[in-house]
Amino acid sequence: METREILMKNGFAFKKQYGQNFLTDANLLSAIVQDAGVDGSAAVLEIGAGAGALTRALSERAKKVVSFEIDKSLQPVLAETLAGCENVEIIFRDFMKSDLPALEEELGSYHVVANLPYYITTPVLMRFVEEAKRCQSVTVMVQEEVAARFVAKAGTADYGAVTAAIALKGEARITRKVPRTMFYPRPNVDSAVVHIAFEEGRIPTKSEKAYRETVRAAFSSRRKTLENNLISAFHLPRERAKELLFKAGIGEGIRGETLSPIAFARLADVLYENGVIANCS
Ligand code: SAM
């Protein structure tokens, strides 16, 4: 039976607040599984099982799939669509309230795959970027504008704190564009799949926390220069801010959005080594 029929048969009511636009096209689903680099060697953590079409496609290739779904009313639907998928565990809970270290313990090495509503995609992604220890990659379906922000290059309008934070862990790539017609029900925007393969030590830095604080400070006001943002974020006298920027090899009058992730790491190291950002792990 088709997913749509199963949803109808169970009297499922779509909830807009959860971004419930489901995928059904078999070719697209297997392409996403391929984009995610899923193979039998690692587990998959899916966020937002929906009607289970992607979950099923993932289960055919992965060692194991643990999938979160916030909407308990999908329980009877998933029981049907995932019948016979022995390696799938569905957890009916808000992923943002889950215990990531405990999950990592259960999963071992894993890939994240998620097709989520736009308002939660960035917080979910940042959880993996900032907290994950055993995550190999993150593959997310996002609206096109958000995808452009994730993969933006320094100096462009789309480049921001999130782009620089992601870059510390891996290179974000758009693997495919997905028109709105591929979803049921149809949303008002087109989407894209973004894949980030995590690489340990991709951008060497003395402290990841210092890197994140530096990036946050640099983008705290886009209208201000980097120097002025550092002054307000770290309560520095102007001369001290100038000296630190000089030590990091960054010229005067520069704005944060023009700094590459490598330059951010250099600046973060200077701020860390000079005691501006302390107690960092
Ligand atoms: N993976 C399915 C697919 O591709 O067809 C469903 C995608 S649908 C865009 C997003 C799903 O995420 C919905 O089923 C929604 O209920 C669920 N969801 C939204 N917020 C969530 C959260 N915080 N934790 C877990 N699931 C969530």
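Each value, and the rule that gives it
Residues numbered from 1 in each chain as written. Predicted model: local features only at pLDDT ≥ 70, side-chain atom pairs only at ≥ 80, totals over all residues. Heavy atoms only, no water. Core = buried A, V, L, I, M, F, W, Y, C linked by side-chain atoms within 4.5 Å. Buried < 20%, exposed > 50% of the residue type's maximum accessible area, 1.4 Å probe, protein only. Helix = DSSP H or I, 4+ residues; strand = E, 2+ residues; numbered from the N terminus. Contact = heavy atoms within 4.5 Å. Pairing = 2+ DSSP bridges. Near = heavy atom within 4 Å. Polar contact = N/O pair within 3.5 Å; in protein donor to acceptor, adjacent residues only side chain to side chain. Areas by Shrake-Rupley, 256 points an atom, 1.4 Å probe, with all protein chains shown as cover. Nonpolar A, V, L, I, M, F, W, Y, C, P; charged D, E, K, R; others polar. Axes fitted to C-alpha atoms, helices over the stretch in contact; angles between N-to-C directions. Phe/Tyr/Trp six-rings, centres within 6.5 Å; stacked < 30°, edge-to-face > 60°. Left-handed = near helix turned anticlockwise from the far one by under 90°. Salt bridge = Lys/Arg side-chain N within 4 Å of Asp/Glu carboxyl O.

1. Quick notes on the nonpolar core
Within soluble globular proteins, side chains that are nonpolar tend to cluster in buried spots.
Then, number 1: By size, the foremost hydrophobic cluster in this structure holds 35 residues, and its most contacted members are Leu-45, Tyr-110 and Phe-128.
Then, number 2: At six residues, helix H6 (residues 118–131) tops the list of elements feeding residues into this core.
Then, number 3: Leaving out residues up to four positions away in the same chain, Tyr-110 has contacts with Ala-42, Ala-43, Leu-45, Leu-100, Glu-104, Phe-128, Ala-132, Arg-134, Cys-135, Gln-136 and Ser-137.
Then, number 4: Residues Leu-23, Val-38, Leu-74 and Phe-183 belong to the second largest nonpolar core, which totals 32 residues.

2. Here we look at the environment of Pro-101
Then, number 1: Summarising the element assignment, Pro-101 is placed in helix H5 (residues 100–107).
Then, number 2: For Pro-101 and Phe-12, which are 89 residues apart along the polypeptide, the C-alpha to C-alpha distance reads 33 Å.

3. So, the pairing of strand S6 (residues 135–143)
Then, number 1: Across the nine residues that make up S6, a large majority, eight, are buried.
Then, number 2: Pairing of strand S5 (residues 110–115) with S6, which is carried by six bridges, proceeds in the parallel orientation. Within S6, the residue paired with Asn-115 across the bridge is Met-141.
Then, number 3: Across seven bridges, the pairing between S6 and strand S9 (residues 191–198) is antiparallel. By the bridge assignment for S9, Thr-139 is matched with His-195.

4. Here's the deal with the site of the ligand
Then, number 1: Around the ligand, the structure places 21 residues, and the nearest of them are Leu-23, Gly-48, Glu-69, Asp-94 and Asn-115.
Then, number 2: One nitrogen or oxygen atom from the main chain of Gly-48 is found 2.7 Å from a nitrogen atom belonging to the ligand.
Then, number 3: Here Asn-115 contributes a side-chain N or O atom positioned 2.8 Å from an oxygen atom of the ligand.
Then, number 4: Surface burial for the ligand is 98%, taken as the share of its 600 Å² of free accessible area covered by protein chains.
Then, number 5: Taken together, the residues of the shell around the ligand break down into eleven nonpolar, six polar and four charged.

5. Digging into the sheet that holds strand S2 (residues 43–47)
Then, number 1: Judged by pairing direction, the sheet is mixed, and its seven strands sit side by side in the order S4-S3-S2-S5-S6-S9-S7 without closing on themselves. Only two strands of the sheet have a single neighbouring strand rather than two, namely strand S4 (88–91) and strand S7 (170–178). Each strand axis lies, on average, 15° off the axis of its neighbour in the sheet, ignoring direction.
Then, number 2: Relative to S5, S2 runs parallel, the two being bridged by five bridges. Among the inter-strand pairings, Ala-43 is bridged to a residue of S5, identified as Tyr-110.

6. What to know about the packing of aromatic side chains
Ring pairs (aromatic) are described by centroid distance and by the angle formed between their planes.
Then, number 1: All told, the structure shown has ten aromatic pairs when counted by the stated rule.
Then, number 2: When the ring of Tyr-118 is compared with that of Tyr-119, the centres are 5.9 Å apart and the planes differ by 85°; the resulting orientation is edge-to-face.
Then, number 3: A residue is classified by how much of its surface remains accessible, and Tyr-119, at 42% relative accessible area, is partly exposed.
Then, number 4: Pairwise contacts between aromatic rings join Phe-12, Phe-14, Phe-22 and Tyr-184 into one cluster.

7. Notes on the packing of helix H9 (residues 208–218) against helix H10 (residues 226–234)
Describing two packed helices takes the angle between their axes plus the distance from one axis to the other.
Then, number 1: With their axes 8 Å apart at the nearest point, H9 and H10 run at an angle of 115° to one another. The interaxial crossing formed by H9 with H10 has right-handed handedness. Across from Glu-213, Ala-217 and Ala-218 in H9, the residues of H10 making contact are Leu-226, Asn-229, Leu-230, Ala-233 and Phe-234.
Then, number 2: Along the lines of polarity and charge, the residues of the contact of H9 with H10 split into six nonpolar, one polar and one charged.

8. Focus on the pattern of salt bridges
Then, number 1: With the rule as written, the count across this model stands at 18 salt bridges.
Then, number 2: Residues Asp-71 and Lys-15 are paired through a salt bridge, measuring 2.8 Å at the closest nitrogen-oxygen approach. Of this pair, Asp-71 sits in the loop between strand S3 (65–68) and helix H4 (75–81) while Lys-15 sits in the loop between helix H1 (3–9) and strand S1 (22–23), and the two are 56 residues apart along the sequence.
Then, number 3: Note on Lys-15: relative accessible area 22%, which makes it partly exposed.
Then, number 4: Each member of the salt-bridge network shares a partner with another, and the members are Glu-130, Lys-169, Glu-208 and Arg-212.

None of this, on its own, says anything about what the molecule does.
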